[in-house]
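Spelled out, the chains give:
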Amino acid sequence: MWIMFSIAVAMSLITYLKEGNYGFSDNILNSVDVIYVITISLAIAIFGEKSSKITRFDLGCLIVVGMIVVFWLFTQNHLITNFMIQTILVIAYFPVVKRLFETRVNSEPFLIWVGMLIAPVLSLLSSKGMLATVYSVRAIICVGLLLILMLWIEVAGKKSKSNKVPV
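Everything numeric in this text was worked out from a predicted model, so none of it was measured.

**Student:** Explain the state of the cysteines to me, using residue names and the numbers behind them.
**Tutor:** Applying the stated criterion to the full structure yields zero disulfides. For Cys61, which is in no disulfide, the shortest distance to another cysteine sulfur is to Cys142 and amounts to 13 Å. Given a relative accessible area of 5%, Cys61 falls into the buried group.

**Student:** Give me the packing of helix H2 (residues 28–47) against helix H6 (residues 110–123): which residues, what numbers.
**Tutor:** One can describe the packing of H2 onto H6 by two numbers: an axis separation of 9 Å at closest approach and a directional angle of 140°. Taken as axis vectors, H2 and H6 run oblique relative to one another. For the pair formed by H2 and H6, the contact residues are Ile28, Leu29 and Tyr36 on the first element and Met116, Ala119, Pro120 and Ser123 on the second. Residues that form the contact of H2 with H6 fall into these classes: six nonpolar, one polar and no charged.

**Student:** Explain the packing of aromatic side chains to me, using residue names and the numbers behind them.
**Tutor:** Going through the model one piece at a time under the given rule, you end up with three aromatic pairs. When the ring of Tyr16 is compared with that of Tyr22, the centres are 4.7 Å apart and the planes differ by 15°; the resulting orientation is stacked. A cation over a ring is seen here: Arg138 above Tyr135, with NZ or CZ 4.7 Å from the ring centre.

**Student:** Tell me about the packing of helix H1 (residues 2–19) against helix H4 (residues 78–91), and name the residues and values.
**Tutor:** The interhelical angle for the contact between H1 and H4, taken along N-to-C directions, is 150°, at an axis separation of 9 Å. As far as their axial angle goes, H4 and H1 are roughly antiparallel. The element H1 and its partner H4 pack so that their crossing is left-handed. Residue-level contacts link Met4, Phe5, Ala8, Val9, Met11, Ser12, Thr15, Tyr16, Lys18 and Glu19 of H1 to His78, Leu79, Thr81, Asn82, Ile85, Gln86, Ile88 and Leu89 of H4. Classifying every residue of the contact of H1 with H4 by side-chain character gives ten nonpolar, six polar and two charged.

**Student:** I'd like a description of the environment of Ser6, backed by residues and values.
**Tutor:** Note on placement: Ser6 falls in helix H1. In this structure, the C-alpha to C-alpha distance between Ser6 and Ser126, residues 120 residues apart in sequence, is 23 Å. Sequence-distant contacts of Ser6, that is, excluding residues within four places in its chain, are made with Val37, Ile38 and Ser41.

**Student:** Could you give an account of a nonpolar patch on the surface, naming the residues involved and the relevant values?
**Tutor:** Together, Leu124, Val137, Ile141, Leu145 and Ile148 give the surface a local cluster of nonpolar side chains, amounting to about 440 Å² of exposed area. Among the secondary structure elements, Ile141 is positioned in helix H7 (residues 130–163).

**Student:** Could you give me a rundown of the nonpolar core, with the residues and numbers involved?
**Tutor:** In terms of nonpolar packing, the biggest core is built from 23 residues, with Met4, Phe5, Ala8, Val9, Val65, Ile85 and Leu89 touching the most fellow members. When contributions to this core are tallied by element, the ones reaching two or more residues are H1, H2, helix H3 (56–75), H4 and H7. Among the elements that take part in this core, H1 stands out by supplying seven residues, more than any other. With residues up to four places along the chain from it excluded, the contact list for Ile85 reads Ala8, Met11, Ser12 and Ile68. Formed by eleven residues, the second largest nonpolar core is a distinct cluster that contains Tyr93, Leu100, Leu146 and Leu147.

Definitions and limits used
- Residues numbered from 1 in each chain as written.
- Predicted model: local features only at pLDDT ≥ 70, side-chain atom pairs only at ≥ 80, totals over all residues.
- Heavy atoms only, no water.
- Disulfide = S-S within 2.5 Å.
- Buried < 20%, exposed > 50% of the residue type's maximum accessible area, 1.4 Å probe, protein only.
- Axes fitted to C-alpha atoms, helices over the stretch in contact; angles between N-to-C directions.
- Helix = DSSP H or I, 4+ residues; strand = E, 2+ residues; numbered from the N terminus.
- Parallel < 35°, antiparallel > 145°, perpendicular 65-115°, else oblique.
- Contact = heavy atoms within 4.5 Å.
- Nonpolar A, V, L, I, M, F, W, Y, C, P; charged D, E, K, R; others polar.
- Phe/Tyr/Trp six-rings, centres within 6.5 Å; stacked < 30°, edge-to-face > 60°.
- Lys NZ or Arg CZ within 6 Å of the ring centre and 35° of its normal.
- Left-handed = near helix turned anticlockwise from the far one by under 90°.
- Patch = residues over 30% accessible without salt bridge, like charges linked within 9 Å, V, L, I, M, F, W, Y side chains within 5 Å.
- Areas by Shrake-Rupley, 256 points an atom, 1.4 Å probe, with all protein chains shown as cover.
- Salt bridge = Lys/Arg side-chain N within 4 Å of Asp/Glu carboxyl O.
- Core = buried A, V, L, I, M, F, W, Y, C linked by side-chain atoms within 4.5 Å.

Worth remembering: the numbers are spatial, not functional.
Okay, here's the thing in structure tokens:
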């Protein structure tokens, strides 16, 4: 998944920069995300478990991202390409959401996700252009909904534990 993230986030930044007269600091969240996801991808490639298998979902996302890159190479339509990438970045949350629903156990750290919510909120203060705003708002909505789901699972788990009567 991190390879797909790296390509998608990099393409989001490239299409943003090509769409207008912007610099890296004008969409600071996307710029920092590129460094973040590429660093994680490299760390996983070097230090990660080699036995991890690519799922069908991973492969499907990677193929769609590849198709979006090809679309952009031929059309140079930065705006449409960027919107398609934002859609992929929304879909990328699905495995976490699926795991939370299936296990009914929150294994995600709240502190990290709250930080990932604060970052796009703060980035809106310095973002320039519609695509930078779309990137930040997409991140706020996705992370916000994920945090609500995590909280719901935590509360539901505590309620079910307190409803059990000791024998």
